[in-house]
Every structure is written in structure tokens, then in C-alpha cells.
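# Per-entry structural report
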Amino acid sequence: MTLDLPVADTAPSKKTLPDAQTVTTVRHWTEWLFSFRVTRPASLRFRSGEFVMIGLPDDNGKPILRAYSIASPNWDDELEFYSIKVPDGPLTSRLQHIQPGDQIIMRPKPVGTLVLDALQPGKRLWFLATGTGIAPFASLMRDPETFERYEQVIMMHTCRTAEELAYGRELVQNLHADPLLTEMFGTEFASRLLYYPTTTREESPRMGRITDNLTSGKVFADLDLPPMSPETDRAMICGSLAFNIDVKAVLEGFGLREGANSDPKEFVVEKAFVGDGV
């Protein structure tokens, strides 16, 4: 039961905004998911996996800001974001109507826990995400430093339907064919980046929640990998509050400990995206 707002009432303002960046491209992946790219401030420096506050003004000109992971890697000339559409959301009811040339507000102060420096060295790095929680991992998967630090990266992404997996599927396909990464890491690069997409509502080749596929051992059997171990495996988690709590318990069951920027350990959790009122 959804009711979108008229475009005329929700389109972004054409007035110059404070801390403004210009939208360069917009792509709608499904009825509920879209990505967009904006100009990057010349002074902005960030670590792949971090987030910034972005938004639009309300009808009274007051900024509506939310935390969004930067989906592009730190070397990119532009900034990419991946978003859900909430018809009555204070921000995305407006943000979903942006077009190239429009402006958004961005506070250029990147922060976040899903960064490589928050983890101790290891052999395998697991990215565990639901929905738009894949955004920080889209940044990290496109950063060569990730593959310099880890022998193998496993992207586990779960959505309700196969259509909702399109963003991540296309991203990984492009990375497997990326000439720079192949040149840097050899022709076997595709075997170093493993992709494990699953659905929870629609029938698909692989189904099930991330927690179930980990605890049952199915993902390890399907990918021919040993179970997680604190000696070799590191992980990052990004999803809803319930998802984060459940996956954290599973990782702790494997003996992994939660870390932070100031105290690196075996896994980290992004806590900035526990709400959905965007």
C-alpha cells in the first residue's frame, strides 16, 4: 500500500543550495531502488566504505539530511550513491525525482566503520549486506587496496527479489571484466572476487537469508570454502538493525570479534543506517 507524491510537489529546487553538488547521472533500477552520481568537491578525501550526509531542502528551505554511503571508490572523480524510494519519506519522496543538472546538499565530512583500517589483517574478507546496504561494499570492491590486503573477497547480498539484486550483479560483472584489476591482479582475478546473491521471497537459483546460509554451511559448500575462522576471515556488515544484530551473533559464533577504527578486530558493523524513514 504505497502512494507516491506528485513530481510537481517533490522535485528538487533549482535554486543554488549551500554545500551544493550537481547531479550528473540517475539510474532507476526498480520501482523502489535508484542510484545517482554527483560532482565531487575538489577538497574531499575519504576512505572507501565511508558515508556522508546528503539531502535536499524541505518546503521551508530547511535541509533534510540523511547518512548515505559513498558507493564509488576513493579514486573516482564523481560520487555515487544507491538509495531506496520511500513514497512518504521526508527525503526520498523528493530525492527519487532528481535529474541531471539538479543540485543536492552534501556535508563533506566522511565517517564510518566499514573501512579496511578497522580490521586486522586476514586472508578472506566477507561483505554481508541486504538491500541498499551493498553501497559501501560497492566502494570497497572497486578499490584495488581491498585486493592488495586480501587474497579473496566474498560479496553476500540478499534481497527480496532477483530484480533488486541487479545493481550488485552488474557491478560484480563489470569488475570481473575490468582491465585494470585484471592487469594488477592477474587473469585469475575473477576467482578472487566471489559473488553470492540470494533472494528471500522470489524463487531464484540461490535463496535464503545470509544468517541461514552461514549457519547451515551452505555458502561454504557452494563456494568450496572452509568455514569462517578468526585466524583467516574478516567481515563487514551493513543492513537493518535486526539484520546487523543477527549477523553479528553468527560471526561471534564463529569466534570473530567486533572491532572499530580505534580497535581493529575481525569484523565491523555499520550503525548509521538502522532507520528507514528516508
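Above: the structure in question.
Residues numbered from 1 in each chain as written. Predicted model: local features only at pLDDT ≥ 70, side-chain atom pairs only at ≥ 80, totals over all residues. Heavy atoms only, no water.

### Here's the deal with the packing of aromatic side chains
- As enumerated under the stated definition, the model contains 11 aromatic pairs in all.
- Each ring, one from Trp-29 and one from Tyr-167, has its centre 5.3 Å from the other, and the planes form 90°; the classification is edge-to-face. Separated by 138 residues along the polypeptide, Trp-29 in the loop between strand 1 (20-28) and strand 2 (33-39) and Tyr-167 in helix 5 (residues 166-176) bring together distant segments of the chain.
- Owing to a relative accessible area of 15%, Trp-29 belongs among the buried residues under this scheme.
- Judged by centre distance (5.9 Å) and plane angle (55°), the ring pair of Phe-147 and Phe-185 falls under tilted. Of this pair, Phe-147 sits in helix 4 (residues 144-149) while Phe-185 sits in helix 6 (residues 179-185); the two residues are 38 residues apart in sequence, bridging distant segments of the chain. You'll find Phe-147 and Phe-185 in the same group, each marked buried.
- Through successive ring pairs, a cluster of aromatic residues spans Phe-34, Phe-36, Tyr-68 and Phe-81.
- Above the plane of the ring of Trp-29 lies Arg-27, whose end atom (NZ or CZ) is 3.7 Å from the centre. (Phe/Tyr/Trp six-rings, centres within 6.5 Å; stacked < 30°, edge-to-face > 60°. Helix = DSSP H or I, 4+ residues; strand = E, 2+ residues; numbered from the N terminus. Buried < 20%, exposed > 50% of the residue type's maximum accessible area, 1.4 Å probe, protein only. Lys NZ or Arg CZ within 6 Å of the ring centre and 35° of its normal.)

### Let's talk about the sheet that holds strand 11 (residues 267-269)
- Taken in spatial order, the 5 strands line up as 9-8-7-10-11 in an open sheet, and their pairing is parallel. Looking along the sheet, the strands with just one partner apiece sit at the ends: strand 9 (193-199) and strand 11. Ignoring strand direction, the axes of neighbouring strands in this sheet form an average angle of 10°.
- With 6 bridges joining them, strand 7 (residues 124-130) and strand 10 (residues 233-238) adopt parallel strand pairing. Note on strand 10: the bridge partner recorded for Leu-125 is Arg-234.
- Across the sheet, helix 10 (residues 241-253) is in contact with strand 7, strand 10 and strand 11; its angle to strand 10 comes to roughly 170°. (Pairing = 2+ DSSP bridges. Axes fitted to C-alpha atoms, helices over the stretch in contact; angles between N-to-C directions. Contact = heavy atoms within 4.5 Å.)

### Notes on the sheet that holds strand 5 (residues 78-84)
- Read from one edge to the other, the open sheet built from 6 strands follows the order 4-3-6-1-2-5, with strand pairing classed as antiparallel. Both outer strands of the open sheet, strand 4 (63-69) and strand 5, are each paired with one neighbouring strand and no more. Each strand axis lies, on average, 40° off the axis of its neighbour in the sheet, ignoring direction.
- With 7 bridges connecting them, strand 3 (residues 51-57) and strand 4 associate as antiparallel partners. Directly across from Phe-51, in strand 4, lies its bridge partner Ser-69.

Read these as layout, nothing more, since geometry by itself doesn't imply function.
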